[in-house]
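If you want the building blocks of each chain, they are given just below.
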Amino acid sequence: MRTTRTATALATAGVLAALTLTGCSGSGGKESEDGPERSSGGGKAADTPRIKIAMITHSGEGDTFWDIVQSGAKAAAAKDNVEFLYSAHKEGKEQAQLIEAAIDQKVQGIVVTLAKPEAVGAAVRKAVAAGIPVVTINSGGQHSRALGALSHIGQDEAVAGEGVGEELTKRGRKKALCVIHEQGNVSLEERCAGVKKAFKGSVENLNVEGTNMPATTSSIEAKLQTAKDIDAVVTLGAPFADATVKAKEGSGSKAEVDTFDLNAAVVKSLKSQAVGFAVDQQPYLQGYLAIDEIWLNRTNGNVLGGGKPVLTGPAIVTAKDVPELEKYTARGTR
């Protein structure tokens, strides 16, 4: 596993211990009302007052990345005596409405993504003005501080994209297709821009309908059939790597498939070399640290990173990393 540029992954002893925990601490019941419930690891949750934290993301249906984020968040919630609420919508306007709903529920903390900062910015500011600590994760980190968030947890998307561009150059590729599965998502655009900046070859972007996987596969296949000189396809999310492998087979293309993000299917494809490499931004860590930071802030006044972005990636992973990754992806933590 190679970490690109100067990005670092933040880990704590609590994160390591939490890998044995599963489930959400928001199940309710007599014990959760009166005091800390038992975690699935056998111990008790923190004895701090129970609080409610909402996470609102831009996830589309079927994106396994967010399952891993939630796994991390639920583990931290179980440890911290937190009731964890999750909701998502791919459209910025609807995501903003979900943030407003969380404010109305008088939650004690909000975790939010900024894929479409113009659409959700006012709602985030409203939460901060109401005295609700906000942590941003995954996307739109450059907008986090201006909106009043405690900090941003994720990877630097431009650096991640540049790391991919450099890797493609090392592999001798000449023309890359960068597949954007959600138009208007600033982080996805940053990734492709980073690839273009660092890659010595040429880069063309392709917008696809990410919530419709058959249509996505067809669009990529059609592009590969008409542009035979494409020798690398970069997808920006794990589910789209598998779709691209199918599109490659259907088109007869010889292009290498590479991707951002991991799931069990990507690790399997790395092992078979159907995928050349993947960029890991550690989504489990993003979910875990976001919940933990809000809890620490409310109970001890802590702010991770001193208000600076907390980087969870990127790191380039290849077939040689598969033995270690398989056991983690099998339990849904990588």
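Small disclaimer: the values here were computed from a predicted structure and weren't measured.

Engineer: How would you sum up the pattern of salt bridges? Please name residues and give values.
Structural biologist: Applying the stated criterion across every chain yields a total of 16 salt bridges. Residue E91 is joined to K116 by a salt bridge in which the shortest nitrogen-to-oxygen separation is 4.0 Å. Here the residue E91 occupies a position in the loop between strand 3 (82-88) and helix 4 (92-104), and K116 occupies one in the loop between strand 4 (109-113) and helix 5 (117-129), the gap between them amounting to 25 residues. Given a relative accessible area of 35%, E91 falls into the partly exposed group. The shortest N-O distance in the salt bridge between K197 and E162 comes to 3.6 Å.

Engineer: Residue-level account of the packing of helix 3 (residues 65-80) against helix 11 (residues 283-300), with values.
Structural biologist: Running from N to C, helix 3 and helix 11 point in directions that differ by 35 degrees, and their axes come no closer than 6 Å. The way helix 3 lies across helix 11 gives a crossing that is right-handed. Between helix 3 and helix 11, the residues in contact are F65, I68, V69, S71, G72, A73, A75, A76, A77, K79 and D80 and P283, Y284, Q286, G287, Y288, I291, D292 and W295, respectively.

Engineer: Please provide a residue-by-residue account of the sheet that holds strand 5 (residues 134-137), values included.
Structural biologist: The six strands are arranged 3-2-4-5-6-12 in an open sheet whose pairing can be described as parallel. For this open sheet the edge positions go to strand 3 and strand 12 (310-313), each flanked by a neighbour on one side alone. With strand direction ignored, the average angle separating the axes of adjacent strands in the sheet is 20 degrees.

Engineer: Lay out the side chain of T318 in plain terms, naming residues and giving numbers.
Structural biologist: As for its placement among the helices and strands, T318 is situated in the loop between strand 13 (315-317) and helix 12 (322-330). Leave out the neighbours within four places in its chain, and T318 touches R2, R171, L270, G276 and F277.

Engineer: Report on the pairing of strand 9 (residues 232-235), specifying residues and quantitative values.
Structural biologist: Going residue by residue along strand 9, you find A232 and V234 tucked away on one face and V233 and T235 tucked away on the opposite face as well. Bridging between strand 7 (residues 175-180) and strand 9 involves four bridges; their strand directions are parallel. Note that in strand 9 the partner of C178 across the bridge is V234. Where strand 9 and strand 10 (residues 256-260) come together, four bridges link them in parallel fashion. Looking across to strand 10, one finds that V233 is bridged to V257.

Engineer: Describe unusual backbone geometry, and please don't skip the residues or the numbers.
Structural biologist: Here the bond from G313 into P314 is cis, since omega is 10 degrees, no more than 30 degrees from zero. Considering the arrangement of structural elements, one finds P314 in the loop between strand 12 and strand 13. Positioned with a positive phi, N81 is a non-glycine residue whose angle comes to about 60 degrees. For N81, the position within the fold is in the loop between helix 3 and strand 3. At K106, a position not held by glycine, the phi torsion is positive, near 60 degrees. Relative to the assigned elements, K106 resides in the loop between helix 4 and strand 4.

Engineer: Residues and numbers for the nonpolar core, please.
Structural biologist: Counting residues in hydrophobic clusters, the biggest one holds 26 residues, and the most contacted among them are I53, M55, V111, I137, I153, L289 and I291. The element best represented in this core is helix 3, accounting for eight residues. With near-sequence residues (within four places) excluded, I53 lies in contact with V82, E83, F84, L85, G109, I110, V111, I291, I294 and W295.

Engineer: Please give an account of the environment of K79 that cites residues and values.
Structural biologist: By secondary structure assignment, the location of K79 is in helix 3. On the basis of relative accessible area, K79 is assigned to the partly exposed category, the value being 23%. Residues K79 and D292, spaced 213 residues apart in sequence, show a C-alpha to C-alpha distance of 8.8 Å.

Engineer: Help me get a handle on the confidence of the model for the chain, residues and values and all.
Structural biologist: For the chain, per-residue confidence averages 89 on the pLDDT scale, and 88% of positions sit at 70 or higher. Ignoring residues within four places in sequence, the model shows residues 5-36, a span with pLDDT below 50, making 60 contacts including any to other chains.

Basis of the calculations
Every chain is numbered independently, its residues counted from 1 as its sequence is written. With the structure being a predicted model, the display of local features is reserved for residues of pLDDT at least 70 and the display and counting of side-chain atom pairs for 80 or more, all residues being used for whole-chain, interface and lining totals. Excluding hydrogens and water, the side-chain values take into account all heavy atoms of the structure. Should a side-chain nitrogen of Lys or Arg be within 4 Å of a carboxyl oxygen of Asp or Glu, the pair is scored as a salt bridge. For helices the rule is a DSSP run of H or I covering at least 4 residues; for strands it is a run of E covering at least 2, with both sets numbered from the N terminus onward. Residue exposure (1.4 Å probe, protein chains only): buried if accessible area is under 20% of the type maximum, exposed if over 50%, otherwise partly exposed. A fitted line through C-alpha atoms serves as each axis, taken over the contacting stretch for helices, and the angle formed by two N-to-C directions is quoted from 0 to 180°. Two helices crossing with the near one rotated counterclockwise from the far one by less than a right angle form a left-handed crossing, whereas a clockwise rotation gives a right-handed crossing. Here, two residues are considered to be in contact whenever any of their heavy atoms come within 4.5 Å of each other. Strands qualify as paired when DSSP identifies two bridges or more between them. The definition of a nonpolar core used throughout is a set of buried Ala, Val, Leu, Ile, Met, Phe, Trp, Tyr and Cys residues joined through side-chain atoms within 4.5 Å. For every residue, the predictor assigns a confidence score, pLDDT, that lies between 0 and 100.

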